[in-house]
Amino acid sequence: MSATTGIRIRRLRLIGIDHNYDVDFTNENDVRRLSIISGAFSSGKTAVLEFISYGLGAKKHPRHPEIMRKVRASLLEVELSGVPHVIERAVGEPSTSAFVRRGRLDEAATSPAERRPIDPAGDPQSLSTLLLSHCGLEGVQLREAPTSSESRTDPLSFRDLMWLTFLTNERVADKNFLFENSFMRKHKLRQVVDVVFAVHDDRRIEIGARIRELESRLTRSRSELATARAFVEEQHAPSADAQTRLVAERELADITRQLEAIDAQARAATDFATQLRTRHRGAAERAQSAAAVLRDQQTQLARMLPLRAQYADDLLKLGMLAQAKHLFDPLRVRTCPACLQSLQESPHTDDGHCSLCHHPVQSPPEPATSLGSAADAVTPPEERLDVAAETRATKARLKAITTYIEEIERSLAAAEKRAADTALDEQRAAKTLDEATGPVVSTYLSARDDLHRQQIQVNRRIDELNTAAKLQEGLEKRAAKVSQQEAQLQHLRDELANLGDATADRDQVLRDISKRFARLLTEWHYPKLSMPHIADDLTPHVRGEPYQEASSGARTLITLAWQLAVFEVAVEKGAAHPGFLMIDSPQKNLGHGSTRDSLIADAVSIDDFYRFLRQWLDSHEDSAQVIVADNSPPDLVEENVIVRFSRDEEHPPYGLIDDETG
């Protein structure tokens, strides 16, 4: 792969609640050939690689508690055939679609993001189809039964291709490294390798089908481009070149400066009217104060008149009550209830007995002064009420209210006159100010209105240019799509014309991979190395035995060598490989943890692994990218370490989610 084809990883950004978490794989804006993520266990190294895989279409993302608490979205900046793109997916419940836009993370979006479904992978609008198109593998179909010409086919997914681009920790040193426990996955892995190196069976038929499918898509794309061009021509859109827009923006800036200058001149020219403005402001304040006083007095009068009427009514009721006590006194006994003869004297208590019934009468209690006493309880309300005292008090209140109302009525006329006079003074002051400043301001207003009209016209022209630019951008995007499909179609036609014998080609590829596999193990000083090769079914062998028979540390080296051999040969041959490789834990069983293989760890230096990898990457410049997650890389590659997670609060960053230290 060259620098202008395939896929390169530039930056990973996790959008958090409080802040974002970034991992940068560039150096002075260029993609690093080798990037190492170092740090302690459980600090987020593997999560970085898994989030990259998630951005490229994996169905799941890391679900560590700190990630679920803090992260809301994953943004992956990649280069697709040399053009920066940003792929965004939601975090939480794994998303079923991704949003892809051109540009970089820290740049404003110049075009809306395209929604790309994750499944089905064969959908022309899926994320997988987009990524495969930049690897030259768009539209590839894999047969479920390779020996049957009538077998059903499944479209190649970019997730299948990730087996060759992401060596996970689980697959390193695993006895099921090539999916031996799953026939279908093992079969598909072999097909993926054959497809990448263009040596798969029935490739003439498959390429022919891809050509027909691509021709159909190209026809549709050309039709869409022609329709879009016709629409743009009908709109008579102005030229949207950068120079025209720059001229319009400069004209708008010039008009804005002229408006500011006119405003300044108008303020300076009307400074002579400062005294008139002060006078007008004072008259306005006095008018407002007089109007407020008038409103207050009118409000007080409106409240007092009903109150005075209420007291007058109360006074009338008290008079009626006093008269009623003289006319009707039901509690005084003047006639004997037995003989109905008039009594010579009112009933009274005589020596402790009632003078009428002669029953003993208890002495009345001492007069109580507290509210609700026994005396008050037996005394009728009419006898407790001092009507004369209430009448005097009511008359006094009525007189005070009447006096207050008369005072308000006397001052109301003066308040009305003052309010009218101050309002008239304010009107005169305003008229004087207008007459003094009107002729001066009118000149500036006329010029300002003219500039304002020009400003509206320029803004309208800029809007038209923006619309034209968007239309032109859409045309360019469609034209680029047509050009890309034409190039892919020509590439497939050339590939079809240059096809050789599939079996011979595949044998040669296997020989090349086997040679590289043996060379890598030799460079790494694999102990007692003999007969290293890759079998026809892609199974690696060492010492005449398949890799499953080797020790845990030996399997680590064998799986690393297999993965790197396929990657390096693919890059060197210009095969349809994405051009990047991610490796998780290359020192597994070689010195870390309780499963350390002492024989292999003592014989193999991790320096050899990194030394040869760096030499190979340096010799291939920008045609490949390798990302490694390693607990403790050697000092040899210190300059290639892009981030080191300490899991120590005193030495940040603590981990990928750097504010989760608990």
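Residues numbered from 1 in each chain as written. Predicted model: local features only at pLDDT ≥ 70, side-chain atom pairs only at ≥ 80, totals over all residues. Heavy atoms only, no water.

J.: Give me the lowdown on the overall build of the protein chain, citing residues and values where you can.
T.: Scanning the protein chain from N- to C-terminus turns up 15 helices and 20 strands. Residues classed as buried in the protein chain amount to 41% of the 662 residues present. When contacts within the protein chain are restricted to residue pairs at least 6 apart in sequence, long-range pairs at least 24 apart make up 70% of them. Only carbon and sulfur atoms are counted for the fraction: they give 51% of the accessible area of the protein chain, which is about 36300 Å². (Helix = DSSP H or I, 4+ residues; strand = E, 2+ residues; numbered from the N terminus. Buried < 20%, exposed > 50% of the residue type's maximum accessible area, 1.4 Å probe, protein only. Contact = heavy atoms within 4.5 Å. Areas by Shrake-Rupley, 256 points an atom, 1.4 Å probe, with all protein chains shown as cover.)

J.: How would you summarise the packing of aromatic side chains if you had to cite specific residues and measurements?
T.: Overall, the coordinates contain seven aromatic pairs when judged by the stated rule. On the numbers, 6.5 Å between centres and 80 degrees between planes, the contact of F51 with Y54 is edge-to-face. Here F51 and its partner Y54 are both found in helix α1 (residues 45–55), three residues apart, which amounts to about one turn of the helix. In this structure, F51 and Y54 share a single accessibility class: buried. (Phe/Tyr/Trp six-rings, centres within 6.5 Å; stacked < 30°, edge-to-face > 60°.)

J.: Could you give an account of helix α15 (residues 606–619), with specific residues and numbers?
T.: In an α-helix there are 3.6 residues to a turn, and that puts residues three or four apart on one side. A rise of 1.5 Å per residue sets the reference length of α15, with its 14 residues, at 20 Å; its end C-alpha atoms lie 20 Å apart and thus fit the reference within 8%. Taken as a whole, α15 has its buried residues at I606, D608, F609, Y610, F612, L613, W616 and L617. Taken from the residues just after α15, E621 is the one with a positive phi, measuring 45 degrees. (Expected span 1.5 Å × (residues − 1).)

J.: Mind laying out the nonpolar core, listing which residues take part and the relevant values?
T.: One finds I9, L56, F197 and W524 to be the most contacted residues of the largest nonpolar core, which totals 106 residues. The greatest single-element share of this core, amounting to 13 residues, is contributed by helix α13 (residues 552–573). In this structure L56 touches I9, L76, I87, L127, L131, F158, M162 and F580, once residues within four positions along its chain are discounted. (Core = buried A, V, L, I, M, F, W, Y, C linked by side-chain atoms within 4.5 Å.)

J.: So what's going on with the sheet that holds strand β1 (residues 7–16)? Which residues, and what values?
T.: Spatially, β2-β1-β6-β7-β8-β9 is the arrangement adopted by the six strands of the open sheet, whose pairing is antiparallel. With partners counted over all chains shown, the strands left at the sheet margins are β2 (21–24) and β9 (114–117), one partner each. Strand-to-strand twist across the sheet, computed as the mean angle between neighbouring axes with direction ignored, equals 25 degrees. Of the pairings in the sheet, the one linking strand β7 (residues 83–90) to strand β8 (residues 97–102) comprises four bridges and is antiparallel in character. Residue I87 lies in a different strand from β8, and its bridge partner there is V100. (Pairing = 2+ DSSP bridges. Axes fitted to C-alpha atoms, helices over the stretch in contact; angles between N-to-C directions.)

J.: Please provide a residue-by-residue account of unusual backbone geometry, values included.
T.: In this chain, D119 is followed by P120 through a cis amide linkage whose omega measures -5 degrees. In this structure, P120 sits in the loop between β9 and α3 (127–133). A cis amide bond, omega 5 degrees, links P652 with the succeeding residue P653. Of note, P653 is situated in the segment after β20 (641–645). Not every positive phi belongs to a glycine, and F179 is a case in point at roughly 60 degrees. Mapped onto the secondary structure, F179 falls in the loop between β12 (166–167) and α5 (183–196). Of note, R543 is a non-glycine position whose phi angle comes to about 60 degrees, a positive value.

J.: With reference to specific residues and values, describe the side chain of R555.
T.: Locating R555 in the fold gives a position in helix α13. Notably, R555 is buried but unbridged: the nearest opposite-charge side chain belongs to D174, and the N-O separation is 6.8 Å. The residues contacting R555, other than those within four sequence positions of it, are A173, D174, K175, Y547, Q548 and A550. (Lys, Arg positive; Asp, Glu negative; His and termini not counted. Salt bridge = Lys/Arg side-chain N within 4 Å of Asp/Glu carboxyl O.)

J.: Describe in detail the side chain of S35, supporting the description with residues and values.
T.: Examined against the element boundaries, S35 turns out to sit in strand β5 (residues 34–39). The residues contacting S35, other than those within four sequence positions of it, are F25, V626, I627, V628, N640 and I642.

J.: Run through the state of the cysteines, naming residues and quoting values.
T.: By definition, a disulfide is the covalent link that joins the sulfur atoms of two cysteine residues. With the rule as written, the count across this model stands at zero disulfides. Cysteine C357 remains unbridged, with the sulfur of C354 as its closest cysteine sulfur at 3.7 Å. For C357, a relative accessible area of 42% puts it in the partly exposed group. (Disulfide = S-S within 2.5 Å.)

J.: Tell me what's going on with a negative patch on the surface, and back it up with residues and numbers.
T.: A contiguous patch of negative charge on the surface is contributed by E28, D30, E621 and D622. Mapping D30 onto the fold places it in strand β4 (residues 30–31). Residue class for D30 comes out exposed when judged on its relative accessible area of 53%. (Patch = residues over 30% accessible without salt bridge, like charges linked within 9 Å, V, L, I, M, F, W, Y side chains within 5 Å. Charge placed at Lys NZ, Arg CZ, Asp CG, Glu CD.)

J.: Talk me through the pattern of salt bridges; I want residue IDs and the actual numbers.
T.: By the definition in use, this model includes 30 salt bridges. Between D512 and K573 there is a salt bridge; the shortest N-O distance is 2.8 Å. Of this pair, D512 sits in helix α12 (residues 502–523) while K573 sits in helix α13, placing them 61 residues apart in sequence. A relative accessible area of 17% means that D512 is categorised as buried. The exposure class of K573 is partly exposed, given its relative accessible area of 45%. Ionic pairing is found between E638 and R644, a salt bridge with its closest N-O pair at 2.8 Å. Overall, E638 belongs to the partly exposed group, its relative accessible area being 40%. Its relative accessible area of 38% is what places R644 among the partly exposed residues.

J.: How would you sum up the confidence of the model for the protein chain? Please name residues and give values.
T.: Looking at the protein chain, pLDDT values average 82 and 84% of them are 70 or higher. Within the model, pLDDT remains below 50 along residues 366–379, and this stretch shows four contacts once partners closer than five positions in the same chain are excluded. (pLDDT = per-residue confidence, 0-100.)

J.: Can you break down the environment of F179 residue by residue, with the values?
T.: On the basis of relative accessibility, which here comes to 6%, the residue F179 falls in the buried class. Each C-alpha atom, one on F179 and one on L189, is 8.3 Å from the other, the two residues being ten residues apart in sequence. Each residue touching F179, except ones within four places of it in the same chain, is listed here: W163, R171, R185, K186 and L189.

J.: Give me the pairing of β8: which residues, what numbers.
T.: Turn length for the β7-β8 hairpin, with the two strands adjacent in sequence and antiparallel, is six residues, and the turn residue G92 shows positive phi of about 140 degrees. Across four bridges, the pairing between β8 and β9 is antiparallel. Across the sheet, residue V100 finds its bridge partner in β9, namely E114.

J.: So what's going on with the packing of α13 against α15? Which residues, and what values?
T.: Two elements in contact, α13 and α15, have axes whose closest approach is 12 Å; the angle formed by their N-to-C orientations is 10 degrees. When the interaxial angle is binned, α13 and α15 end up roughly parallel. Contact residues: L560, L564, F567, E568, V571 and E572 in α13; F609, F612, L613 and W616 in α15. Residues of the contact of α13 with α15, tallied by class, amount to eight nonpolar, no polar and two charged. (Parallel < 35°, antiparallel > 145°, perpendicular 65-115°, else oblique. Nonpolar A, V, L, I, M, F, W, Y, C, P; charged D, E, K, R; others polar.)

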